[in-house]
Structures are given as structure tokens and as C-alpha cells.
Amino acid sequence: MPVPGTPAWVEVSAEDPAASREFYGRLLGWSFEVSLDPLNHGYTVARRGGELVAGLYEASEGVPPGWLLYLHAPDVDAVRDRVPALGGQVVAGPVDLPGAGRALLATDPTGAAVGFWQPTADRPLATGRTGALNRVELLTRDTAAAARFYGGVFGQEQRQPGPPGRSFTHDQGQHRAGERSRPAFAGAAPARWRSTRTPPSRWVVHFAVDPVAGVDAATELAIDLGGAVELPPFDSPHGRTAVLRDPYGARFSLVDPHQRVLEVGRSA
């Protein structure tokens, strides 16, 4: 039974799905299965080593390309009823996806888009492997609102370490593959992420790179493939990390969890 609140699926939209497949396929070693059903509009399932890792689809006109995270929910109809009461907005659904599950799209009170997924088939998302999702986090300046919303949706306790507004950890901390833990909520944007504008709240997906090649080499490859660097490689407690945009502007992160910095001057 999936743990409520853990990542169930991630998908990215692009203006040119074929070019998007080329980018992520070469960068992360993904293979693809493109649906031939006209009702699915060419929806593509990505795999790494035979395991499910992501979905890709064509972006709707006027909608900026981006990554969308779905969280496990045992009853999306119940989530639909809770979302408005907790300050969020229902965007679409719930809708049935035959042979897969039932989905709901919403925005949380901080403005971040998020999906909720009730599986009806055993199609687990691969995590914690090279080329797969490694962790997710919510980048927001309103951690208190995030705490109330996600804690209320899943009926879980929250912990607020440090000064208010700085960080928020949901239940057992950040989602790392192989651990039965929930996503992390990052508080005020780190200095490297700050700009002259207040950044919109958003979920950030982190994919693990091949530790032999490393994040720096993967970042260079992403540039060669038409991507852009939003934040150059840096060391962190979660591993050496780089924040990128794909050729269509969708933000994502690369991480090498084998190169973690526990504290200044100390590596894992």
C-alpha cells in the first residue's frame, strides 16, 4: 500500500514532445513508450531499466511547460473536499484514467500546482535509482500555509524546525527513495535562488545522476542538449546539485546523493 503523501508520479509538458524525449533520454538514460491511442494525445511513459520514471506530454497552448508532481492519496474524492477548506483550489478532477488510477489537480494556498493520485493498478514509480526521482521539495516563502494545507490533506503532524518562515519539514522529512518518508517543504528561498522578484511557489523534482559521471558533467551535457542552467552545481546535505531548465523552460534539478556535504568542510 503506497504511503499517503509520497510521490506517486511526475510528468513534464513540452511544446515539442519528440525533442523533449531526445533531451531527457540522452541526459538521464530514459526510454519511451508513446501512446498510439488518439484519446491520449501522444502521452509518453518514460522508463529507466524497465522501471517507470516519468510521463511526458504536449503542453497546452498558452500554458508554460513545467514539471508536475502527484502525491499518493488513498481517496482523491476526499482530497477534493478538503482542498478548498484548507485554502487551496481544485483545478480539475477527479478524473478516472482507465487501467492506471484516479487523479485530481489543485493548487495549494501558496500557489504551487500539485496533483493527487489514487492508483487502481500496480504501477510503482521508480525512485532512488540513477536516472529516477531522488527527492522532491516545495520552494515557498509561506511555510506555515504549506504546513496547514498538506498536513490537513493527509491528516499528518507537521514539525517546524528553526525560526518561523525559514523551513518546514512535513512529518518524517524529505522524500528520499527507499525511505517511507514524506516530501520536504523548503522555506524562504536559499540565497542562490533569490532574485529581484519573489519567486512563485513551486514543487521541485530532483533526479539522480550517474555517480560515475557526476552532476558537473551532467550539467554540461544538459547545456549541449539545449538546456539552461538556473543554478550551477553546488554542494549540499542532499548531494551535489544543479538546478536546470530543459529546452522548453521546465525547471528540474540534478543531484548526486553520493556526494553529500554534512557540514562545512565535511563530506558524506
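Asker: I keep staring at helix α3 (residues 143–154) and nothing clicks. Help me out?
Answerer: Working note: α-helix, 3.6 residues per turn, so residues spaced by three or four point in the same direction. With 12 residues, α3 should reach 16 Å at 1.5 Å per residue; the first-to-last C-alpha distance of 16 Å fits that figure. Across the 12 residues that make up α3, a large majority, nine, are buried. Every buried residue of α3 is listed here: Thr 143, Ala 145, Ala 146, Ala 147, Phe 149, Tyr 150, Gly 151, Val 153 and Phe 154. Positioned one or two residues after α3, Gly 155 has a phi angle of 65°, which is positive.

Asker: Where do I start with the pairing of strand β1 (residues 7–14) in this structure?
Answerer: In regular strands, side chains alternate between the two faces of the sheet. β1 sits mainly inside the fold: eight of its eight residues count as buried. Here five bridges tie β1 to strand β5 (residues 67–72), and the two strands are oriented antiparallel to one another. Bridged to Pro 7 within β5 is Leu 71.

Asker: Mind showing me how you'd approach the sheet that holds β5 here?
Answerer: Strand pairing in a sheet is mediated by backbone hydrogen bonds. Such pairs are either parallel or antiparallel. Pairing is mixed in the open sheet, where eight strands are placed in the order β2-β3-β4-β1-β5-β8-β7-β6. The strands lining the two open edges of the sheet, one partner per strand, are β2 (31–34) and β6 (89–97). Taking each pair of neighbouring strands and ignoring which way they run, the sheet shows an average axis angle of 25°. When strand β3 (residues 44–48) meets strand β4 (residues 51–58), the two strands line up antiparallel, connected through five bridges. From the neighbouring strand, Arg 47 faces β4, where its bridge partner is Leu 52. In the packing of helix α1 (residues 17–28) onto the sheet, contacts are made with β1, β2, β3, β4 and β5, and the angle to β4 comes to roughly 150°. Together, β6, β7 (101–107) and β8 (113–119) form the strand contacts of helix α2 (residues 76–85), whose direction differs from that of β6 by roughly 175°.

Asker: What am I meant to see in unusual backbone geometry here?
Answerer: Comment: phi is negative for the bulk of residues other than glycine, and the bulk of peptide bonds are trans. Residue Pro 94 is reached from Gly 93 by a cis peptide bond, and omega for that bond is 5°. Relative to the helices and strands, Pro 94 resides in strand β6.

Asker: Explanation requested: the confidence of the model for the chain in the structure shown.
Answerer: Should pLDDT be low for a region, the predicted coordinates there are not to be read in detail. Taken over all residues, the pLDDT of the chain has a mean of 82, while the share at 70 or more is 78%. Within the chain, strand β11 (residues 167–170) has the poorest average pLDDT of any element, 40, and helix α4 (residues 214–224) the best, 98. Every residue in residues 159–183 scores below 50 in pLDDT, and together they form 85 contacts with partners more than four places removed in sequence or on other chains.

Asker: Even after reading the chapter, I still don't get α2, so can you show me in this structure?
Answerer: Of all the positions in α2, only Val 76, Val 79 and Val 83 are classed as buried. The arc that holds every buried residue of α2, seen down its axis, measures 40°, which confines them to one face. Opposite the buried face of α2, by more than 90 degrees, sit the exposed residues Asp 81 and Ala 85. Where α2 is buried, its residues meet β6, β7, β8 and α3. With a side-chain oxygen lying 3.0 Å from the backbone nitrogen of Asp 77, the N-terminal cap of α2 falls on Asp 75. Remark: Gly 87 follows α2 within two positions and exhibits a positive phi of approximately 95°.

Asker: Is there a simple way to think about the nonpolar core in this case?
Answerer: Buried together is how nonpolar side chains tend to be arranged in soluble globular proteins. Core analysis: the largest hydrophobic core is formed by 56 residues, its most contacted members being Tyr 24, Trp 67, Phe 116, Phe 207 and Phe 252. Those residues within four positions of Phe 207 in sequence are excluded, and the remaining contacts are Val 10, Leu 28, Trp 30, Trp 67, Gly 131, Ala 132, Leu 133, Asn 134, Phe 252, Ser 253, Leu 254 and Val 255.

Asker: In this structure, what is going on with the pairing of β8? I would like to understand it.
Answerer: Of all seven residues that make up β8, five are buried, and the element is covered over most of its length. Sheet analysis places β7 next to β8, joined by seven bridges and oriented antiparallel. Bridge pairing in β8 places Gly 101 opposite Pro 119. Remark: five residues form the turn of the hairpin made by β7 and β8, two consecutive strands paired antiparallel; Gly 111 in that turn has positive phi of roughly 100°.

Asker: For this particular structure, what's the right way to read the environment of Gly 55?
Answerer: Within the secondary structure, Gly 55 sits in strand β4. Take Gly 55: its relative accessible area is 0%, and that puts it in the buried class. A C-alpha to C-alpha distance of 7.3 Å links Gly 55 and Tyr 43, two positions 12 residues apart in sequence. Setting aside anything within four residues of it in sequence, one finds Gly 55 in contact with Trp 9, Val 10, Glu 11, Val 12, Tyr 43 and Thr 44.

Conventions and cut-offs
- Residues numbered from 1 in each chain as written.
- Predicted model: local features only at pLDDT ≥ 70, side-chain atom pairs only at ≥ 80, totals over all residues.
- Heavy atoms only, no water.
- Helix = DSSP H or I, 4+ residues; strand = E, 2+ residues; numbered from the N terminus.
- Expected span 1.5 Å × (residues − 1).
- Buried < 20%, exposed > 50% of the residue type's maximum accessible area, 1.4 Å probe, protein only.
- Pairing = 2+ DSSP bridges.
- Axes fitted to C-alpha atoms, helices over the stretch in contact; angles between N-to-C directions.
- Contact = heavy atoms within 4.5 Å.
- pLDDT = per-residue confidence, 0-100.
- Arc of directions from axis to C-beta.
- Polar contact = N/O pair within 3.5 Å; in protein donor to acceptor, adjacent residues only side chain to side chain.
- Core = buried A, V, L, I, M, F, W, Y, C linked by side-chain atoms within 4.5 Å.

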